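A look at the structure
Below, each chain spelled out in residue letters.
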Amino acid sequence: MGKYGFSFSLSRLLGIAQAKQKFARTTGVPTTKGGIQRKIGASILKIFFK
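Below is a short write-up of the structure. Keep in mind that this is a model prediction, so the values were computed, not measured.

Criteria and thresholds
Residues numbered from 1 in each chain as written. Predicted model: local features only at pLDDT ≥ 70, side-chain atom pairs only at ≥ 80, totals over all residues. Heavy atoms only, no water. Helix = DSSP H or I, 4+ residues; strand = E, 2+ residues; numbered from the N terminus. Rg over C-alpha atoms; globule rule 2.2 N^0.38 Å. Contact = heavy atoms within 4.5 Å.

This paragraph deals with the overall build of the protein. Regarding its fold elements, the protein presents 3 helices and 0 strands. Listed N to C, the secondary structure of the protein is α-α-α in terms of helices and strands. In terms of overall size, the protein is more extended than a compact globule, its C-alpha atoms giving a radius of gyration of 16 Å where 50 residues would be expected to give roughly 10 Å. Overall size of the protein, expressed as C-alpha extent along the three principal axes, is 50 × 25 × 10 Å.

What follows is the structure, given as structure tokens:
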């Protein structure tokens, strides 16, 4: 399936991906694991090197 440029995502089909994206943009709170880790790391660095 992934060989021919076709992929299926249930969350995109149901609109979950778009809702999470919209939430993240309006609130500034990331919804991905990597985004949350980056935000927490930046906050910690800001505290120490303010």
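Residue placement: Phe49 occurs in the segment after helix H3 (33-48). Between the C-alpha atoms of Phe49 and Arg38, which are 11 residues apart in sequence, the distance is 16 Å.

Looking now at the environment of Ser11. With respect to the element layout, Ser11 can be found in helix H1 (residues 10-14). As a C-alpha pair, Ser11 and Gln21 span 10 residues in sequence and 12 Å in three-dimensional space. Ignoring sequence-local partners within four residues, the contact set of Ser11 consists of Ile16 and Ala17.

Everything listed is a geometric property; what it means functionally is a separate question.
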